[in-house]
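Below are the chains, spelled out letter by letter.
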Amino acid sequence: MGSHVHLTQPSGVFTIPTHSNRPLVFVAGGIGITPFLGYLQTLKQLRDAGQTLPAVVLVFSVRRGSSHPFQAELNALAGAIGTITIEYVFGRESKCFDSLSSNVMDKNPLAYLCGSPGFLAATRETLCLKGIPNFDIFEETFSPEIDIPKTLISQKVCVADAGTSFDWSPAMGTLLDAADQAGVVLPSGCRVGQCESCVMNLVEGKVAHLAPWDGPSDRCLTCMSVPLTPVVLRK
């Protein structure tokens, strides 16, 4: 006999309408694109059935220089559906929301957000400033927020393979976030659901993992670690 699985009907407030006279604004952070992908697939089916579809603006925040989850499929769906606008933004640029034109805002859009807690908070604040009421913004989170201790001091980070380095500070976040901001590409598939793909060899120095990590002491997950001393990393 197999395992018992308890199922319940769908519930909650993150239920996106498939028919609406108001535009829909989707904002996804990394792998937070997943529920929106399923929604667009549903819209494609409805379009094929001859139904009228809502206008959708999708703002997809991804890490610069890394793979974008489902990019090819998203672009294909947008082209097939015909009522979808996709804007790809990178990191801090996500606060711009250039695709939210006056034509969209004048029609009182509903907004749906999916990403990490910090990403959701910053995005909600920006959307409210742009004129979307707080009660018209719905969100779903998928990961715990990593809290960077403010007692840490800045450290030099060298990447041996690339022959480059950057200065890390607590305000920059994890090693991976700091490298992204410094324009240094580190291995990572974290935002496309490839856990532990950001692991690197710790050649010199010490780091602290801000979430449970049972790997060897000479390796680190850059998406959840910070330097305690100057460090040298190698892929």
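Residues numbered from 1 in each chain as written. Predicted model: local features only at pLDDT ≥ 70, side-chain atom pairs only at ≥ 80, totals over all residues. Heavy atoms only, no water.

> I'd like to hear about helix H2 (residues 71-81), residue by residue, with values.
Within H2 the residues assigned to the buried category are Leu74, Leu77, Ala78 and Ile81. When H2 is viewed along its axis, its buried side chains cluster within an angular range of 100° and face the same direction. Those residues of H2 that are exposed and aimed more than 90 degrees away from the buried face are Ala72, Ala76 and Gly79. Among the structural elements, helix H1 (34-48), strand S2 (56-62) and strand S3 (84-90) are those in contact with the buried residues of H2. A positive backbone phi angle near 90° is found at Gly82, which sits one or two residues after H2. (Buried < 20%, exposed > 50% of the residue type's maximum accessible area, 1.4 Å probe, protein only. Helix = DSSP H or I, 4+ residues; strand = E, 2+ residues; numbered from the N terminus. Arc of directions from axis to C-beta. Contact = heavy atoms within 4.5 Å.)

> Requested: an account of the pairing of strand S7 (residues 164-168), with residues and values cited.
Where strand S6 (residues 155-159) and S7 come together, five bridges link them in antiparallel fashion. When the sheet's bridge partners are listed, Lys156 is paired in S7 with Asp167. (Pairing = 2+ DSSP bridges.)

> I'd like a description of the pattern of salt bridges, backed by residues and values.
Evaluation of the coordinates by the stated rule reveals five salt bridges. Linking Arg22 and Asp136 is a salt bridge whose minimum nitrogen-to-oxygen distance equals 2.8 Å. Placement of Arg22 in the segment before strand S1 (24-29) and of Asp136 in the loop between helix H4 (117-130) and strand S5 (137-141) is noted, with a sequence separation of 114 residues between them. Here Asp136 falls in the buried class, since its relative accessible area comes to 10%. One salt bridge connects Arg124 with Glu139, and the closest N-O pair in it is separated by 3.2 Å. With Arg124 in helix H4 and Glu139 in strand S5, this pair connects stretches of sequence that are 15 residues apart. Several salt bridges share partner residues, and in doing so they unite Lys44, Arg47 and Asp48 into one network. (Salt bridge = Lys/Arg side-chain N within 4 Å of Asp/Glu carboxyl O.)

> Break down the sheet that holds strand S4 (residues 110-115) for me, with residues and values.
Read from one edge of the open sheet, five strands run S3-S2-S1-S4-S5, paired in parallel fashion. Unpaired on one side and paired on the other, S3 and S5 mark the two borders of the sheet. Adjacent strand axes in the sheet meet at a mean angle of 15° when their direction is disregarded. The pairing of S2 with S3 spans seven bridges and is classified as parallel. (Axes fitted to C-alpha atoms, helices over the stretch in contact; angles between N-to-C directions.)

> Describe in detail the layout of surface pockets, supporting the description with residues and values.
A probe as big as a water molecule, rolled over the atoms, marks out the empty space that is left. As a volume, the second largest pocket reaches approximately 180 Å³. Mapped onto the lining of the second largest pocket, the elements with two or more residues apiece are S2 and helix H3 (102-105). Looking at the lining of the second largest pocket residue by residue, the class counts come to five nonpolar, six polar and two charged. (1 Å grid on protein atoms, 1.4 Å probe; cavity = no way out; pocket = protein on both sides within 12 Å on 5 of 7 lines; lining within 4 Å. Points joined across faces, edges and corners; volume = space filled by probe spheres on them. Nonpolar A, V, L, I, M, F, W, Y, C, P; charged D, E, K, R; others polar.)

> Tell me about helix H5 (residues 175-182), and please be specific about residues and values.
Leu175, Leu176, Ala178 and Ala179 are the residues of H5 that are buried. Down the axis of H5, the buried set is contained in an arc of 160°. They therefore lie on one face. Along its buried surface, H5 packs onto S6, S7, strand S9 (207-209), strand S10 (219-221), strand S11 (225-227) and strand S12 (231-234). Once H5 finishes, Gly183 follows within two positions and takes phi at roughly 80°, a positive value.

> I'd love a proper account of the packing of aromatic side chains, names of residues and values included.
Scanning the model with the defined rule gives seven aromatic pairs in all. Considering the side-chain rings of Phe14 and Tyr112, the 5.8 Å spacing of their centres and the 80° angle between planes classify their relative orientation as edge-to-face. With a gap of 98 residues between them, Phe14 in the segment before S1 and Tyr112 in strand S4 connect regions that are remote in the sequence. Note on Phe14: relative accessible area 17%, which makes it buried. Relative accessible area serves as the criterion here: at 3%, Tyr112 is assigned to the buried category. An aromatic cluster is present here, built from Phe14, Phe26, Phe36, Tyr39, Tyr112 and Phe138 joined pairwise through their rings. (Phe/Tyr/Trp six-rings, centres within 6.5 Å; stacked < 30°, edge-to-face > 60°.)

> Lay out unusual backbone geometry with the relevant residues and their values.
Phi is positive for Asn108, close to 55°, though the residue is something other than glycine. Positionally, Asn108 belongs in the loop between H3 and S4.

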